[in-house]
Amino acid sequence: MSRRRKRELSEEIRERIIFEHSQCKGYKTISKELSLSVSTVANIIKKFKVHGTIVSIPGRGRKKKIDPRMKRKIV
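So, how was this worked out
- Residues numbered from 1 in each chain as written.
- Predicted model: local features only at pLDDT ≥ 70, side-chain atom pairs only at ≥ 80, totals over all residues.
- Heavy atoms only, no water.
- Helix = DSSP H or I, 4+ residues; strand = E, 2+ residues; numbered from the N terminus.
- Rg over C-alpha atoms; globule rule 2.2 N^0.38 Å.
- Contact = heavy atoms within 4.5 Å.
- Lys, Arg positive; Asp, Glu negative; His and termini not counted.
- Charge placed at Lys NZ, Arg CZ, Asp CG, Glu CD.
- Patch = residues over 30% accessible without salt bridge, like charges linked within 9 Å, V, L, I, M, F, W, Y side chains within 5 Å.
- Areas by Shrake-Rupley, 256 points an atom, 1.4 Å probe, with all protein chains shown as cover.
- Salt bridge = Lys/Arg side-chain N within 4 Å of Asp/Glu carboxyl O.
- Buried < 20%, exposed > 50% of the residue type's maximum accessible area, 1.4 Å probe, protein only.
- Expected span 1.5 Å × (residues − 1).
- Arc of directions from axis to C-beta.

*Asks:* I keep staring at the overall build of the chain and nothing clicks. Help me out?
*Replies:* The helix and strand inventory of the chain stands at four helices and zero strands. Each helix (α) and strand (β) of the chain, taken in turn from the N terminus, gives the series α-α-α-α. For the chain, the C-alpha radius of gyration of 18 Å lies well beyond 11 Å, the compact-globule estimate for 75 residues. Across its three principal directions, the C-alpha atoms of the chain cover 60 × 35 × 15 Å. Contacts in the chain between residues at least 24 apart in sequence constitute 43% of all its contacts with a sequence separation of at least 6. Both charge centroids of the chain, one from 22 positive and one from 7 negative side chains, sit 13 Å from each other.

Quick look at the structure:
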């Protein structure tokens, strides 16, 4: 079974989630208002608490196989 990845949420929706949370609304209430899953709302709020921003943070990605010094030698 393959796992499909959905598009990321817009910054407007993320801002709205954080705003609603700051107004002391619960995860379920926010998720029903915005038609999102509770886990999505929880993850966005958790990321905001940890990083202090709603901008999507890039992943770590694949490690480099060669360092910059070796790259200069090749080119």
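*Asks:* Any chance you could explain a nonpolar patch on the surface here in plain terms?
*Replies:* Taken together, the side chains of Ile66, Met70, Ile74 and Val75 present a nonpolar region at the surface, about 440 Å² in accessible area. By relative accessible area, which is 42% here, Ile66 ends up partly exposed.

*Asks:* What is the right way to read helix H1 (residues 11-22) from this model?
*Replies:* Each α-helix turn comprises 3.6 residues. Residues three or four places apart therefore point the same way. If you check H1, its first and last C-alpha atoms are 16 Å apart, about what twelve residues at 1.5 Å a residue would give, namely 16 Å. If you check which residues of H1 are buried, you get Arg14, Ile17, Ile18 and Glu20. When H1 is viewed along its axis, its buried side chains cluster within an angular range of 165° and face the same direction. Against the buried residues of H1 lie helix H2 (27-34) and helix H3 (38-51). Positive backbone phi, at 65°, marks Cys24, one or two positions downstream of H1.

*Asks:* What am I meant to see in unusual backbone geometry here?
*Replies:* Peptide bonds are trans in most cases, and residues, glycine excluded, mostly fall at negative phi. Within the chain, Cys24 stands out as a residue other than glycine whose phi angle is a positive 65°. You can see Cys24 is positioned in the loop between H1 and H2. Assessed through its relative accessible area of 74%, Cys24 is described here as exposed. Residue Ser35 is not a glycine yet carries a positive backbone phi of 55°. In this fold, Ser35 is placed in the loop between H2 and H3.

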